[in-house]
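What follows is the residue order along each chain.
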Amino acid sequence: MDPRRNNFDVLRLLFATLVIFSHSFALVGQAEPVLWGRTLGNLGVHGFFVISGYLIVQSFLRSRSLLQYGMNRVLRIVPGLVVALILSSLIALRLHSFANNPVPYISNGPVWTLTWEVVCYAAVAVLGIVGALNRTAFPAVFAAGWVLYLAGIGDTSDFMLAIVPMFLMFAAGALFALYLTKIRLEVLILALIGLALTADFGVFSAVVRFVMAGVPFLYGPDVSLGEIHRVIYLASFPVVVIWVGKLARPSLPLRNDISYGTYIYGWPVAQVLVFAALKWALPLNPWLLFLATMLITLPIAYLSWRFIEKPALGLKRRFRKRAAAPAPEPESAGPESAEEERPEPVGV
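The paragraphs below set out a description of the structure included in this document.

Conventions used here
Numbering of residues starts from 1 in every chain and runs along the sequence as written. Only residues with pLDDT of 70 or above have their local features reported here, since the model is predicted, and side-chain atom pairs are shown and tallied only from 80 upward, although totals for entire chains, interfaces and linings are computed over all residues. By convention in this description, side-chain values take in all heavy atoms of the structure and omit both hydrogens and water. Here a strand is any run of E in DSSP of at least two residues, a helix any run of H or I of at least four, and the numbering for each starts at the N terminus. A simple rule labels every residue: compare its accessible area, found with a 1.4 Å probe on the protein chains alone, to the largest value its type can have, and call it buried under 20%, exposed over 50%, or partly exposed in between. Any two residues whose heavy atoms approach within 4.5 Å are treated as being in contact. The Shrake-Rupley method, run with a 1.4 Å probe sphere, supplies the accessible areas, and residue values consider only the shown protein chains as cover. Patch building starts from residues that exceed 30% relative accessible area and form no salt bridge, then joins like charges within 9 Å and nonpolar side chains (Val, Leu, Ile, Met, Phe, Trp, Tyr) within 5 Å. When a carboxyl oxygen of Asp or Glu lies within 4 Å of a side-chain nitrogen of Lys or Arg, that pair is called a salt bridge. In a helix, the anticipated span is given by 1.5 Å times the number of residues less one. Inter-axis angles, ranging from 0 to 180 degrees, are taken between N-to-C directions of lines fitted to C-alpha atoms, where helices are fitted over the stretch in contact. In what follows, roughly perpendicular refers to angles from 65 to 115 degrees, roughly parallel to angles under 35, roughly antiparallel to angles over 145, and oblique to any angle outside these ranges. Put simply, a crossing is left-handed when the front helix is turned counterclockwise from the back one by less than a right angle, and right-handed when it is turned clockwise. Under the scheme applied here, ten amino acids are nonpolar (Ala, Val, Leu, Ile, Met, Phe, Trp, Tyr, Cys and Pro), four are charged (Asp, Glu, Lys and Arg), and all others, including Gly, are polar. Here a cavity denotes a set of grid points, spaced 1 Å apart and computed over the protein atoms alone, in which a 1.4 Å probe fits but from which it cannot get out, and a pocket denotes an open set meeting protein on both sides within 12 Å along at least five of seven lines; residues with an atom within 4 Å of a point are reported as lining. Grid points are joined across faces, edges and corners, and a volume is the space filled by probe spheres set on the points. Within 6.5 Å between ring centres, the rings of Phe, Tyr and Trp (the latter by its six-membered ring) count as paired, and their orientation is classed by plane angle as stacked under 30 degrees, edge-to-face over 60, tilted in between. Think of it as a cone above the ring: NZ of Lys or CZ of Arg counts as a charge over the ring if it is within 6 Å of the ring centre and within 35 degrees of the ring normal.

When helices and strands are counted, the chain shows 12 helices and two strands. Starting at the N terminus, the α and β elements of the chain follow one another as α-β-β-α-α-α-α-α-α-α-α-α-α-α. Considering the chain as a whole, with its 348 residues, one finds that 48% of them fall into the buried category. Sequence separation of at least 24 residues holds for 83% of the intrachain contacts in the chain that already meet a minimum separation of 6. Looking at the chain as shown, the accessible area adds up to about 16,900 Å², and 70% of this sits on carbon and sulfur atoms.

Rendered as structure tokens:
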């Protein structure tokens, strides 16, 4: 299988677009659309973390040293992010921090997930250093993470509901990076059934109650429908994302990967549009806001890719030339592939 042929670029752009679409509702003061029991923005986050886990593990295994791995991560995230944060902060300062917007004072909301993305990068490095980032040890790490999650599933803290699922998505992508040659048809079918069942919570609840009505449990497990729903989704979603991204054909690689720029500029562009609409007494329509945001954000994302992100990634080659002689390639990593030279996705 040609490692350069995949759909990760398309998926990343799709997930970034989902984030902008979801936030278009929030930024005008409306509830965000929900699918699989979570907002579309949260769904986009999970998609990014699955793909990130898959690509970052391969990047670590290809790296000749921990320094090279760290430098690759810095070159991927920092240049584009710094420019975006400076621009969005200056614009917010000029527009009084969007004080009258439905969501005031937040110039670039989605970038908070990058903190947890970096935590995942660090976790990959630690696991690699201790020798746990391989087919023998990592499944135990993955299983332990799920056991801890299930043991605390009744916890309704923000960390448990928002942050831990991102870790599980990243870990699932990492597991596929170490093991994937193909996904068995029955596994894919089960994942698709799981997502179909959990797409709408009302339908899911009716199905579970119907099934449980015929099961003679004297003492059923003390787990809510919401918790069962969440577990099925978390187990199913990464399978489908990796299958579509890596195994589905035909593959649709993009010449320019503008997903990161789309993500980091979508929110500030939308905030400016909302500010302008309020100033000129225009109606706040989330659909129109989404379309206008995309029309403005996509060219900005291209400029970010062309003049900031891509040149920064080019420095990776210079850094490799100064590194020591290459170590033998691990079995799970392909040749100079799209997964290495394309920007690894960042959370949204």
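Further remarks concern a nonpolar patch on the surface. On the surface, Leu 185, Ile 189, Leu 190, Ile 193, Leu 197, Val 203, Val 207, Phe 210, Val 211, Met 212 and Val 215 cluster together to form a nonpolar patch covering roughly 990 Å² of accessible area. Listing elements by their share of the nonpolar patch, those giving two or more residues are α7 (185-198) and α8 (201-213). Summarising the element assignment, Leu 197 is placed in helix α7.

In this model helix α10 (residues 259-279) runs 30 Å from its N-terminal to its C-terminal C-alpha over 21 residues, within 8% of the 30 Å that 1.5 Å per residue would give. Across the 21 residues that make up α10, a large majority, 15, are buried. Taken from the residues just after α10, Ala 281 is the one with a positive phi, measuring 55°.

In the contact formed by α7 and helix α9 (residues 225-247), the axes pass within 8 Å of each other and the chain directions differ by 130°. Between α7 and α9, the interaxial angle falls into the category oblique. Every pair of crossing elements has a handedness; the one defined by α7 and α9 is left-handed. Residues Val 187, Leu 188, Leu 190, Ala 191, Leu 192, Gly 194, Leu 195 and Thr 198 of α7 lie in contact with α9, whose contacting residues are His 229, Ile 232, Tyr 233, Ser 236, Phe 237, Val 239, Val 240 and Trp 243. Its residues assigned to classes, the contact of α7 with α9 shows 12 nonpolar, four polar and no charged.

Between Arg 249 and Pro 250 the backbone carries a cis peptide bond, its omega angle lying at 5°. Notably, His 96 is not glycine yet its phi reads approximately 60°, a positive angle. Secondary-structure assignment places His 96 in the loop between α3 (66-94) and α4 (113-129). By relative accessible area, which is 58% here, His 96 ends up exposed. Phi is positive for Tyr 105, close to 70°, though the residue is something other than glycine. Its place among the elements puts Tyr 105 in the loop between α3 and α4. Judged by relative accessible area, Tyr 105 falls into the exposed class, the value being 58%.

Checked against the element boundaries, Phe 48 lands in helix α2 (residues 40-62). Sequence separation of Phe 48 and Ala 16 is 32 residues, and the distance between their C-alpha atoms is 8.4 Å.

Moving on to the pattern of salt bridges. For the structure shown, the criterion picks out four salt bridges. The shortest N-O distance in the salt bridge between Arg 12 and Asp 257 comes to 2.4 Å. With Arg 12 in helix α1 (residues 8-26) and Asp 257 in the loop between α9 and α10, this pair connects stretches of sequence that are 245 residues apart. Asp 257 matches Arg 12 in its accessibility class, with the two residues each being buried. A salt bridge links Glu 309 to Arg 76; its shortest N-O distance comes to 3.5 Å. Taken as a pair, Glu 309 in helix α11 (residues 286-322) and Arg 76 in helix α3 lie far apart in primary sequence, 233 residues in all.

Looking now at the side chain of Thr 293. With respect to the helices and strands, the residue Thr 293 is situated in helix α11. Ignoring sequence-local partners within four residues, the contact set of Thr 293 consists of Ile 20, Gly 266, Val 269, Ala 270 and Leu 273.

Considered as a void within the structure, the largest pocket measures approximately 420 Å³ in volume. For the lining of the largest pocket, the secondary structure elements donating two or more residues are α4, α5 (138-151) and α6 (158-179). With eight residues, α5 is the single largest residue contributor to the lining of the largest pocket. Residue classes in the lining of the largest pocket are distributed as 22 nonpolar, one polar and no charged.

Across all of its chains, the model carries 17 aromatic pairs by this definition. Measuring from centroid to centroid gives 5.0 Å for Phe 21 and Trp 287, while their planes differ by 70°, and the two rings are edge-to-face. Of this pair, Phe 21 sits in helix α1 while Trp 287 is found in helix α11, placing the two residues 266 residues apart along the sequence. Given the relative accessible area of 12%, Phe 21 is considered buried. Ring centres of Phe 60 and Tyr 69 lie 5.0 Å apart, and the angle between their planes is 80°; on these two criteria the pair is classed as edge-to-face. In this structure Phe 60 comes out as buried when scored by relative accessible area, which is 15%. Connected via pairs of aromatic rings, a cluster forms that spans Phe 15, Trp 36, Phe 48, Tyr 233, Phe 237 and Tyr 263. Over the ring of Tyr 179 we find Arg 135; its NZ or CZ atom is 5.7 Å from the centre of that ring. Between the NZ or CZ atom of Arg 306 and the centre of the ring of Phe 307, over which it lies, the distance is 5.3 Å.

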